[in-house]
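# Report on the structure
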Amino acid sequence: MIAEAGHYALVLALALALIQSTVPLLGARLNDGALMNVARSTALVQLLFAGLSFTALVWLHVTSDFSVVNVFENSHSMKPLLYKITGVWGNHEGSMLLWVAILALFGGLVAAFGNNLPLSLRAHVLAVQGWIATAFYLFILITSNPFARLANAPAEGRDLNPVLQDIGLAVHPPMLYLGYVGFSISFSFAAAALIEGRLDAAWARWVRPWTLIAWIFLTLGIAMGSYWAYYELGWGGWWFWDPVENASLMPWLAGTALLHSALVMEKRNALKVWTILLSILTFSLSLLGTFLVRSGVLTSVHAFATDPSRGVFILMILCVFIGGSLALFAWRASALKQGGLFAPISREGSLVLNNLFLTTACATVFVGTLYPLALEVLTGDKISVGAPFFNLTFGPLMVPLLVAVPFGPLLAWKRGDLVGAAQRLIAAGVVALLAVAFVYAWTRGGAVLAPLAIGLAIFVIVGALVDVAERIALFRGPLSISLRRASGLPRSSWGTMFAHAALGVTLIGIVCETTWNSEYIAAMKPGDSTKLAGYEFKFEGATQRQGPNYRELLTQFTVTENGRLIGAMAPSKRSFITRGSSTTEAALLSRGFSQLYISLGDLNDQGAVTVRIYHKPMVLLIWLGPIMMALGGLLSLSDRRLRVGAPKPAKAPRVLQPAE
Amino acid sequence: MRRLLAALLIVCATVVAAPLAHAVQPDEVMADPAKEARARELSRELRCMVCQNQSIDDSDATLAKDLRLLVRERIAAGDSNKQVIDYLVSRYGEFVLLKPRFELHTLLLWLLPPFVLFGGGLGLWLHIRRRGRDAARATDAPKPLSADEQARLDRLLAEGADRT
């Protein structure tokens, strides 16, 4: 009953999406306010039905209704409640349902909070949202129905893939989807602007908060996924250049570029055409990511769906939306007027440079991810493009970008003073050089590149601080004045500082982890001990334990530093009965920003266990950086100009107002 | 935000799930640390062909183990890094390389990034220069009137003169 209700709710949501994608356009054509306002109500009711449908699936999973195929294949009655809920999107059908539910959520948000949008713009935006929603509702209903029933309900389910039975599944996919799908809003705004043929600075102001929200979630989602991979895969890697990771990195790079170009458009009314194109590309890359992951075209660790009929359907959606939007762009973009002029050395110029590098980085990831597929399809040759390729191509692109980051905010709009900016960055440069010398001396002439990279990171961090210090005239007058200026500084300036400094923080983590990590691999018996990076690890003993849906070999280690006990670590190995597979549970111990990491391998005949112990210096900075970036994004989002700058809603009843 | 932090804290505080990944086994490690380091470095560049985008250094598949041992065998036999790679490519094809060689069929792969960067840079430079020139022209002294415009102006002035 619940399953059928959920299914029916989805069908109703499709019907509403169809209305939403047509009637408001007709309204805009006829200049009929009532018809245009249909978009608002359909978007809200569609959210209700998509939400109901999703809730129904959650309910089926929680109550372990094994008469539903999706529940039978991915759940187990003994599974802990948290994983029963997260298991809903731990499979193809459920994750697509989450995708459309989030799409409906964003549509509903635009409908609910878009009161200050011009009526026809809102109608167009919601209509485009309706098209996307229609395509994906159809995809789910035709190829991936999560509510399909089994004729004879089995007594027990097949359980969720043990790898996914983790808190990471509760956080990572929803965050990522909020990011992916969030970019649909900027896409819809871009398409609406092209259809209307009207684009002004206010448009950028409306788009920017939505882009920021999506970008914040995508940043956190990627970081969370990276941390999950780090502790899950048992050898402490945190980025693998796996196609599925690349699929999330591409929209992030394009989205980051979009955030910056939208800034130029909002402040200076320039880069309009480019901003529109980026909005289209960012969501297109999100769609591409969905295609890569959901079609099973890549057989990689994340792709747990492999069915060509689905792949073809998503490929069609991909072609229609990307092709359609680019065609619309080619047709209408020339109608958009070119905006303000600026000298190459200016804030705008620096943001253009940022866009150039981010776009190139995105293109690099794009070609590296898709080239092997294309080559195999076209010539049958099989090649691999993996981490060594990306490290060699993506890495060098980031260096000039990071060098340029501190300069950008110090340049004035229209015409900047590069020498002046460089002079103000002398302090940052000096600190960076000191850092290089210090790190080089401390590591006694080890790696040469690593100290330089740390110097670059310090330059970026101090440079970000210099920007704010300059703005509040720190050290150039009484502290009280600086403090007053600091409190009056727009939040977006603080946001910039956090987000830019976070780049340096992440870089320090990456450099330290890759250059100075140490590992120890050996077969150990209870009572054995070993030393690594100044810590002594003692294998105390092993015990067997019964978990809710698995059996577990639990080991105990104690860690001492200079004879002083600093903690216990308990890595273990779990065997899942239903799926017949096992997982190793890494144990982590944080020391400041560094971590100790133990994971277990096989038990051999003599009762010894293969043990891997790692010391990962400064590794937590890799994820602290993105959290800081997201914080910067939040600060920027709370800036008052994004709330009060846009035109206020009219007092008169809007329904009766003709659109302009 | 707070929820994420809470989730991260939970993750940090608890022991967490992982699939069995073994990679290098204790019995594979070479006695000479310098040679072992070379073996590890090479292993990271070689693909485990039966796995999903994993290097043989990361993978626990039997094939990866065989390849790791093969790499170490060749190193022990005194091969240079290049010789080891060539040997593996001759045996397993180019698919084994995680970083494809620069050849005709990988031309686009290697050249696209610099092409986008320099092409984009050049395009931007030309665009800015052209727009700058257009703007300069627009703001400079007004263009001289064309013959038609001059005639029209004369006519208008003449009309004005008639009326007074």
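Attention in this report is confined to the structure presented alongside it. Just so it is clear, the model here is predicted, and its values are computed rather than measured. (Residues numbered from 1 in each chain as written. Chains lettered and ligands numbered in written order. Predicted model: local features only at pLDDT ≥ 70, side-chain atom pairs only at ≥ 80, totals over all residues. Heavy atoms only, no water.)

### A short note on the overall build of chain A
Of regular secondary structure, chain A possesses 21 helices and 10 strands. For chain A, the C-alpha radius of gyration of 27 Å lies close to 26 Å, the compact-globule estimate for 660 residues. Taking the principal axes of its C-alpha atoms as reference, chain A extends roughly 85 × 75 × 55 Å. Put simply, 73% of the contacts in chain A that link residues at least 6 apart link residues at least 24 apart. Here chain A contributes 46 positively and 33 negatively charged side chains, and the mean placements of these two sets differ by 12 Å. (Helix = DSSP H or I, 4+ residues; strand = E, 2+ residues; numbered from the N terminus. Rg over C-alpha atoms; globule rule 2.2 N^0.38 Å. Contact = heavy atoms within 4.5 Å. Lys, Arg positive; Asp, Glu negative; His and termini not counted. Charge placed at Lys NZ, Arg CZ, Asp CG, Glu CD.)

### Some remarks on the overall build of chain B
The secondary structure content of chain B amounts to six helices and zero strands. Secondary structure elements in chain B, listed N-terminal to C-terminal, are α-α-α-α-α-α. When each of the 164 residues of chain B is scored for burial, the buried share is 35%. A separation threshold of at least 6 residues defines the contact pool for chain B, and within that pool the share at least 24 residues apart is 46%. Total accessible area on chain B is roughly 10000 Å²; 60% of this is exposed by carbon and sulfur atoms. (Buried < 20%, exposed > 50% of the residue type's maximum accessible area, 1.4 Å probe, protein only. Areas by Shrake-Rupley, 256 points an atom, 1.4 Å probe, with all protein chains shown as cover.)

### Things to note about the sheet that holds strand β1 (residues 518-524) of chain A
All names here are of chain A. Taken in spatial order, the four strands of this open sheet run β1-β10-β9-β8, and their pairing is antiparallel. Of all strands in the sheet, those with a lone pairing partner are β1 and β8 (587-591), marking the two edges. Ignoring strand direction, the axes of neighbouring strands in this sheet form an average angle of 15 degrees. Relative to strand β9 (residues 594-603), β8 runs antiparallel, the two being bridged by five bridges. Looking at β9, one finds that S590 is bridged to Q595. (Pairing = 2+ DSSP bridges. Axes fitted to C-alpha atoms, helices over the stretch in contact; angles between N-to-C directions.)

### So, the environment of Y371 of chain A
By the secondary structure assignment, Y371 of chain A is in helix α12 (residues 347-379). With relative accessibility at 12%, the residue Y371 of chain A sits in the buried group. Considering only alpha carbons, one finds Y371 of chain A and Q46 of chain A, 325 residues apart in sequence, at a separation of 39 Å. What Y371 of chain A contacts, discounting residues up to four positions off in sequence, is I383 of chain A together with H105, T106, L107, L108 and L109 of chain B. From its side chain, Y371 of chain A meets the backbone oxygen of H105 of chain B in a polar contact 2.3 Å long. (Polar contact = N/O pair within 3.5 Å; in protein donor to acceptor, adjacent residues only side chain to side chain.)

### Here we look at the environment of L98 of chain B
By the secondary structure assignment, L98 of chain B is in the loop between α4 (81-92) and α5 (107-139). Taking the relative accessible area as the measure of exposure, L98 of chain B reaches 4% and is therefore buried. With sequence-adjacent residues up to four places away left out, L98 of chain B is seen in contact with S384, V385, G386, P388 and F389 of chain A together with R44, E45, L46, R47 and S55 of chain B.

### So, the interface of chain B and chain A
In this complex, chain B contributes 49 residues to the contact, which on the side of chain A involves 65 residues. Of the roughly 5200 Å² buried at the junction of chain B and chain A (both faces included), carbon and sulfur atoms supply 70%. Summed over the shared surface of chain B and chain A, the result is one salt bridge. Its salt-bridge partner being E519 of chain A, residue R40 of chain B comes within 2.4 Å of it at the nearest N-O pair. Run the count over chain B and chain A and you get five residue pairs in polar contact (both at pLDDT 80 or more). For the side of chain B that touches chain A, the element with the highest residue contribution is α5 of chain B, accounting for 15 residues. Looking at the side of chain B that touches chain A, its residues break down into 31 nonpolar, 10 polar and eight charged. (Buried area = accessible area lost by both parts, 1.4 Å probe. Salt bridge = Lys/Arg side-chain N within 4 Å of Asp/Glu carboxyl O. Nonpolar A, V, L, I, M, F, W, Y, C, P; charged D, E, K, R; others polar.)

### Re the pattern of salt bridges
Two side chains bearing opposite charge may form a pair once their charged atoms approach each other closely. All names here are of chain A. Tallied over the entire structure, the rule returns 22 salt bridges over all chains. The salt bridge partner of R149 is E4, with a shortest N-O separation of 2.8 Å. Note that R149 is positioned in the loop between α6 (119-143) and α7 (167-196) and E4 in helix α1 (residues 2-30), a separation of 145 residues in sequence. Of the residues examined, R149 reaches a relative accessible area of 33% and is grouped as partly exposed. On the basis of relative accessibility, which here comes to 39%, the residue E4 falls in the partly exposed class. One salt bridge connects E266 with R205, and the closest N-O pair in it is separated by 3.4 Å. Separated by 61 residues along the polypeptide, E266 in helix α9 (residues 243-268) and R205 in helix α8 (residues 201-232) bring together distant segments of the chain. Owing to a relative accessible area of 5%, E266 belongs among the buried residues under this scheme.

### Considerations on the packing of α7 of chain A against α9 of chain A
Between two packed helices, both the angle of their axes relative to each other and the distance between the axes serve to describe the pair. Residue and element names in this part refer to chain A. One way to put it is that α7 packs onto α9 with a least axis distance of 11 Å and a crossing angle of 45 degrees. By the angle between their axes, α7 is oblique relative to α9. Here α7 and α9 pass one another in a crossing that is left-handed. Contacts from L176, Y180, F183 and S186 of α7 reach α9 at A247, S248, P251, G255 and L258. Here the contact of α7 with α9 is built from residues that sort into six nonpolar, three polar and no charged. (Parallel < 35°, antiparallel > 145°, perpendicular 65-115°, else oblique. Left-handed = near helix turned anticlockwise from the far one by under 90°.)

### Looking at the packing of α6 of chain A against α7 of chain A
Residue and element names in this part refer to chain A. Contact pair α6 / α7: the axes reach a minimum separation of 8 Å and the direction vectors enclose 125 degrees. The pairing of α6 with α7 is recorded here as oblique in orientation. At the point where α6 passes α7, the crossing takes the right-handed sense. Residues S120, L121, H124, V125, V128, Q129, W131 and I132 of α6 form the contact with α7, whose participating residues are S184, I185, F187, S188, F189, A191, A192, I195 and E196. Among the residues forming the contact of α6 with α7, the class breakdown is 11 nonpolar, five polar and one charged.

### Brief notes about α1 of chain A
Residue and element names in this part refer to chain A. With 29 residues, α1 extends 41 Å between its outermost C-alpha atoms, agreeing within 8% with the 42 Å of an ideal straight helix rising 1.5 Å per residue. Among the residues of α1, A3, G6, A9, L10, A13, L14, L16, A17, Q20, S21, P24 and G27 are the ones counted as buried. N31 occupies a position one or two residues after α1 and carries a positive phi of about 60 degrees. (Expected span 1.5 Å × (residues − 1).)

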